[in-house]
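Chain by chain, the residues:
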Amino acid sequence: MSPLREVTSIKSSKAFRWTIGVGVGIMAALGLVLLFLLTQATGNRELYERNYALLFGLNVAVAGLLLLVIGWIVLRLALRLRRGRFGSRLLVKLAAIFALVGLLPGMMIYVVSYQFVSRSIESWFDVEVEGALAAGLNLGRATLDTLAADLANKTQQAATQISDIPNTSAGLALERLRDQLSASDVVLWSASGQVIASAGESRFLFKPERPSAQQLRSARSQRVITQIEGLDEVVPGGNGELGTDSTPPPTAGPPGTTAGSNARIKAIAVVNNPNLNVLGSSRFLQVTTVLPAGLVANAIAVQEANREYQERALARGGLRKMYIGTLTLSLFLAVFGAVLLAVLLGNQLAKPLLVLAEGVRQVAQGDLTPKAALQGKDELGGLTRSFAEMTQQLSDARTAVQQSMSQVDASRANLQTILDNLTAGVIVLDSRGRIESSNPGATRILRAPLAAWHGQFLGEVPGLEVFAKAVQAQFSSFLTDPHSEPPAEAAPHAQEQWQQSFELNAAMPGSPDNAITLIARGAKMPGTDEFLLVFDDVSEMVSAQRAQAWGEVARRLAHEIKNPLTPIQLSAERLEMKLTGKVAEPEQLLLTKSVKTIVDQVDAMKRLVNEFRDYARLPAAQLHPLDLNALITDVLQLYLSDSVGQPGSGSAVVPVQAELDPRAPPIKGDAQQLRQVIHNLLQNAQDAQEGKAGARVIVKTEFSDTAKRVRLIVRDHGTGFPAHILKRAFEPYVTTKVKGTGLGLAVVKKIADEHGARIDISNRMTDGVVQGAQVSLSFAVVA
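Residues numbered from 1 in each chain as written. Predicted model: local features only at pLDDT ≥ 70, side-chain atom pairs only at ≥ 80, totals over all residues. Heavy atoms only, no water.

Visitor: Please explain the overall build of the chain as it appears in this structure.
Guide: Helix and strand counts for the chain stand at 18 helices and 17 strands. With 783 residues in all, the chain has 36% of them scored as buried. With an accessible surface of roughly 45,200 Å², the chain has 59% of that area assigned to carbon and sulfur atoms. (Helix = DSSP H or I, 4+ residues; strand = E, 2+ residues; numbered from the N terminus. Buried < 20%, exposed > 50% of the residue type's maximum accessible area, 1.4 Å probe, protein only. Areas by Shrake-Rupley, 256 points an atom, 1.4 Å probe, with all protein chains shown as cover.)

Written out as C-alpha cells, the structure reads:
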C-alpha cells in the first residue's frame with residue numbers, strides 16, 4: 001500500500017481510534033479504582049469479609065474486558081502485518097518487547113511474593129507475643145488499681161481532717177487539701193448532692209457534675225469509693241476493662257483537651273462530724289486526680305494491640321487468602337496494562353514515520369505546501385516538525401521575490417508620500433543632468449512645472465538655465481575630488497555631499513527685486529549613477545538677517561552723521577548773522593537763500609537720522625493688559641477732523657472708518673509702541689490713496705473665540721503692492737514712495753515680533769483686479 005493511502009487510512013480511522021482509546025482508558029481507570037478499593041478492604045477484616053466477593057468479581061470482569069481489548073488489538077495487528085502495511089513490523093516488535101518486559105518480571109515477583117506472604121502470615125502469630133500482650137495488660141490494670149487505692153487512702157484521711165470544719169470555712173480548707181494531694185479538683189458535697197465548697201476546675205463550672213445517688217449510698221456504706229473515668233474516650237467501643245469500677249459516660253473536659261487527657265481517678269469519702277451525728281447531716285469529700293498522659297497512652301496502646309492480635313489470630317486463613325488474591329489481581333492488571341501499552345505506544349511511534357513518508361513523496365513531486373507535523377516532544381515528533389519547517393522554508397523562498405517586490409512598491413509609495421509633503425525641494429537627476437523625478441516642493445520653490453519636464457534636462461526648463469549650469473558645475477567638482485578634506489566646522493559626512501547657495505529669478509527673469517535665495521545640497525545616490533539635489537528657499541531667513549544688518553548699519557550711521565549736523569547748522573546761521581547788512585543787496589539775497597537751504601537740509605538730515613535711530617534702538621516692549629479698541633479710538637482722534645490734514649502734513653484728508661468688535665477682550669501689549677504701529681499703518685494707507693477719488697481707510701478689529709486672539713486689520717483702496725515688494729515689504733528701505741525711507745513697515749514688523757504677534761500683508765483681489773492692500777496683526781488675549 002502506498003504511503004498516501006496509509007496516511008488517508010489513518011486520518012479516516014482517527015475518530016474510531018480515539019473512541020477505542022477513551023474506552024480502554026475508562027476500563028483501565030475502573031480497574032485501578034477497584035484494585036484500590038480491594039487494597040483498602042484488606043485493612044478492615046469486617047469490610048473485607050462483607051464485600052470481598054463483590055470486589056473480586058468486579059476486578060475479574062475488568063481484567064476480562066482488558067483481555068478482550070488486547071485480543072482485538074492483536075488481531076488487528078496480525079491483519080495489518082499480513083497486508084504488508086507500513087510500520088506493522090515495527091509495531092509487532094514493540095508490542096512483543098513491552099509484553100515480555102511486563103510479563104517476565106511480573107511473574108517472578110508474583111512467585112516470590114506468594115511464598116513470602118504465605119510464610120510471613122504464619123510467623124506473625126506467636127505464643128510469646130500473646131503472653132507479652134497479656135502481661136502488659138495486667139500490668140496496666142495493677143498500676144491503675146494502685147493509684148486508685150492510694151487516692152482513696154488520702155481522701156479518707158483528708159475527710160477526717162475537715163470533719164470538724166464548718167461549711168462556711170470549708171473553701172480555704174479545700175484549697176489546702178488540693179495543694180497537699182496535688183489534685184485537679186476538690187469538692188465538698190452535702191447529703192442531698194448540693195455543692196458546699198469547691199477548689200480547682202469545678203469552681204469555674206456553672207453546674208458541676210455531682211455524684212449519683214448510688215455513688216453516695218456506696219460511699220456511706222463503704223466509707224470511701226474510687227472509680228477511673230475517661231479511658232473509653234480513646235477506645236471506640238471500649239468496655240473499660242482497664243478500670244477498677246464501671247465507668248459512667250464521661251463528661252466533656254475543658255476546651256482544648258484531647259482524647260485521653262480527661263482520664264482521671266475520682267475518690268469519694270464520707271466526712272463525719274462527731275459533734276453532729278444526725279441522719280442526713282453527712283457530707284462527702286470528692287477528690288479528682290488526672291492520670292499521667294503517658295500512662296494512659298501506654299495502657300490504651302497495650303489494650304488495643306491485644307484486641308487486634310486476638311481478632312487477626314482468629315482470621316488467619318482469611319488473611320492469607322485476602323493478600324494472595326489481591327496480589328494475583330495486581331499481576332493480571334499489570335500484565336494486561338503492559339501489553340495494551342505496548343500496542344498503543346507502537347502505534348504512536350509508527351505515525352511519525354507514515355507522516356514523513358508521505359511528506360517525502362510530495363516534496364519529490366515538487367509540492368511544497370505545508371506538511372503535517374506532530375506536536376509530540378519526542379525525537380520522532382521533532383523530526384516531523386523539522387521536515388515541515390524545511391518545506392515551509394522552501395515555500396517561503398519561492399515567494400520571497402514577490403514579497404520583496406511588494407515591499408519595494410510599498411516603500412516607493414511611502415517615500416513618494418514623504419517627498420510630496422516635504423517643504424524642501426527634491427530633484428533626482430541622472431548622470432547627464434536629466435530630471436528623473438521631483439516633488440511638489442521643488443515646483444513650489446522654483447515656480448516651474450517640473451513634473452512636465454521629467455526626462456528633460458534641467459537646463460531646458462525656462463528660467464532655470466543658469467541654476468542648472470551652476471548645479472552641474474558643483475556635481476562635476478564634487479565628482480572630481482569627492483574626498484577632499486572638509487572644513488573643521490563641517491558636519492560629519494560633509495565630504496559625502498556638497499552645499500552651495502544660489503540666487504535665481506523664478507518668474508520674472510532680469511528683475512532683481514524678485515530674486516529668491518536657495519541653499520542647495522547635492523550627493524550621489526549609492527549604487528546608481530543618479531544624483532540627488534535638495535534645496536530650501538531661505539529668502540525669509542536672508543531677509544531677517546538683512547534686517548538685522550540694516551539695524552546695525554542704521555545705528556552706526558545715526559551716530560556718525562548726527563554729530564556734525566548741529567555744528568553745520570550753527571555755522572551757517574552764524575555766517576548769515578555776521579554778514580547781514582555788510583554785503584550788497586544781491587549778495588544778501590544769495591546769502592539768505594543759501595543759509596535757508598543749508599538749515600532745511602540739516603533738518604531733513606536730522607529727521608532721517610532720528611528715523612534710523614528709532615529703528616535701530618527700538619526699546620523692548622513692556623507688555624501689559626491693553627484695550628485695543630480704546631487705543632484705536634484714541635489714535636483716530638487725530639484723523640477724524642475734516643479741517644486738519646494728515647499729521648505732520650498739509651495734504652487733504654483721506655477719511656478713516658473704524659469697525660471695532662465690541663467682543664474683543666484685552667490683549668498683552670505696549671501702548672506706546674502699538675500707537676506707533678497704528679500711526680504708521682494709517683499713514684501708509686492714506687499715502688497709498690493720495691489724490692484718488694473715493695479714497696478711504698478702514699481700520700477694524702476681530703475677535704476669534706476659537707483661537708483666543710484679537711486681529712487688527714488696516715485696509716486701503718489704493719493700487720496695492722507690486723509682487724516683488726510683497727515678498728520684501730518688511731525689510732528696511734524697501735518702499736514704493738518717492739520720498740519714503742522704507743522704515744515704516746520694518747518698524748511695524750519689529751514691534752509685532754516684540755509682541756509675539758503674527759503679521760500678514762497682502763493685496764485684496766476681486767476678479768483678478770487689485771482693489772487695495774491689507775495689513776493685519778494677530779495678538780494673543782490676556783489669560
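Visitor: Explanation requested: the sheet that holds strand S12 (residues 656-659) in the structure shown.
Guide: In a beta sheet, neighbouring strands are held together by backbone hydrogen bonds and run either parallel or antiparallel to one another. Spatially, five strands are ordered S12-S14-S15-S17-S16 in an open sheet, and the strand pairing comes out mixed. The open sheet has two free edges, formed respectively by S12 and strand S16 (758-766), since each of these has just one partner strand. Strand-to-strand twist across the sheet, computed as the mean angle between neighbouring axes with direction ignored, equals 20 degrees. In terms of strand pairing, strand S15 (residues 709-715) meets strand S17 (residues 769-780) through seven bridges, oriented antiparallel. Within S17, the position partnered with Val714 by the bridge is Val775. Packing against the sheet, helix H15 (residues 628-636) makes contact with S12, strand S14 (697-704), S15 and S17, and its axis sits at approximately 170 degrees to S14. Running at roughly 130 degrees to S16, helix H18 (residues 744-754) makes contact with S16 and S17 of the sheet. (Pairing = 2+ DSSP bridges. Axes fitted to C-alpha atoms, helices over the stretch in contact; angles between N-to-C directions. Contact = heavy atoms within 4.5 Å.)

Visitor: What is the right way to look at helix H16 (residues 671-688) in this model?
Guide: Residue pairs spaced three or four apart in an α-helix point in one direction, given the helix's 3.6 residues per turn. Along its 18 residues, H16 runs 26 Å from first to last C-alpha, staying within 8% of the 26 Å computed at 1.5 Å per residue. Three or more residues of H16 are buried, namely Gln673, Leu674, Val677, Ile678, His679, Asn680, Leu681, Leu682, Ala685 and Gln686. (Expected span 1.5 Å × (residues − 1).)

Visitor: What is the right way to look at the packing of aromatic side chains in this model?
Guide: For any pair of aromatic rings, the description consists of the separation of the ring centres together with the inter-plane angle of the planes. In the structure shown here, the tally under the stated rule is four aromatic pairs. Relative to Trp498, the ring of Phe475 has its centre 5.2 Å away and its plane inclined at 85 degrees; by these criteria the two rings are edge-to-face. Of the two residues, Phe475 sits in helix H12 (residues 465-480) while Trp498 sits in strand S8 (residues 498-505), which places them 23 residues apart along the sequence. Both residues of the pair, Phe475 and Trp498, count as buried. Where Phe475 meets Phe531, the ring centres are 4.8 Å apart and the plane angle is 50 degrees; that geometry is what we call tilted. Remark: Phe531 occurs in strand S10 (residues 531-537) and Phe475 occurs in helix H12; sequence separation between them is 56 residues. The exposure classification of Phe475 matches that of Phe531, with both residues buried. (Phe/Tyr/Trp six-rings, centres within 6.5 Å; stacked < 30°, edge-to-face > 60°.)

Visitor: Please clarify how the environment of Lys524 should be interpreted in this entry.
Guide: Mapped onto the elements, Lys524 comes out in strand S9 (residues 515-524). Through-space distance from the C-alpha of Lys524 to that of Trp498 is 9.9 Å; in sequence the pair is 26 residues apart. Beyond its immediate chain neighbours, meaning those up to four positions away, Lys524 contacts Phe478, Leu479, Asp529, Glu530 and Phe531. At 2.5 Å, the side chain of Lys524 forms a polar contact with the backbone oxygen of Thr528. (Polar contact = N/O pair within 3.5 Å; in protein donor to acceptor, adjacent residues only side chain to side chain.)

Visitor: What am I meant to see in the confidence of the model for the chain here?
Guide: Taken as a whole, the chain shows an average pLDDT of 75; of its residues, 74% reach a score of 70 or greater. Taken element by element, the chain is modelled with least confidence in helix H1 (residues 3-12), mean pLDDT 44, and with most confidence in S15, mean pLDDT 93. Here residues 233-260 is a poorly scored stretch, pLDDT under 50, and it has 46 contacts once near neighbours within four places are set aside; other chains count. (pLDDT = per-residue confidence, 0-100.)

Visitor: Please clarify how the nonpolar core should be interpreted in this entry.
Guide: The nonpolar side chains of a soluble globular protein tend to be buried, and buried together. With 38 residues, the main nonpolar core has Leu681, Leu682, Val699, Leu777 and Phe779 as its most contacted residues. Here this core takes six residues from H16, the largest share from any one element. Excluding residues that lie within four positions of it along the chain, Leu777 makes contacts with Val677, Leu681, Val710, Arg711, Leu712, Val748, Ala752, Arg758 and Ile759. Core analysis: the next-biggest nonpolar cluster, separate from the first, contains 31 residues, Ile165, Leu174, Ala183 and Ile265 among them. (Core = buried A, V, L, I, M, F, W, Y, C linked by side-chain atoms within 4.5 Å.)

Visitor: I keep staring at the side chain of Asp185 and nothing clicks. Help me out?
Guide: Topologically, Asp185 is positioned in strand S1 (residues 185-190). Here the side chain of Asp185 touches Ser202 through a polar contact of 2.7 Å, side chain to side chain.

Visitor: What am I meant to see in unusual backbone geometry here?
Guide: With glycine set apart, most residues show a phi of negative sign, and most peptide bonds adopt trans. Positive phi is not limited to glycine here, since Ser182 has a value of about 55 degrees. Ser182 gets classed as exposed once you look at its relative accessible area, which sits at 59%. The residue Arg447 is not glycine, and still its phi comes out positive at about 55 degrees. Examined against the element boundaries, Arg447 turns out to sit in the loop between helix H11 (440-446) and H12.

Visitor: How should the sheet that holds strand S4 (residues 264-271) be read in this particular structure?
Guide: One open sheet holds the five strands; their spatial order is S2-S1-S5-S4-S3, and the pairing between them is antiparallel. Of all strands in the sheet, those with a lone pairing partner are strand S2 (195-200) and strand S3 (224-229), marking the two edges. This sheet shows a mean twist of 15 degrees between the axes of neighbouring strands, independent of strand direction. The sheet contact formed by S1 and strand S5 (residues 283-290) spans six bridges and is antiparallel. Looking across to S5, one finds that Val186 is bridged to Val287. Along the sheet, helix H6 (residues 170-181) makes contact with S1, S2 and S5, crossing S2 at roughly 40 degrees. Of the strands in this sheet, S3, S4 and S5 touch helix H7 (residues 213-222), which is tilted by about 135 degrees from S3.

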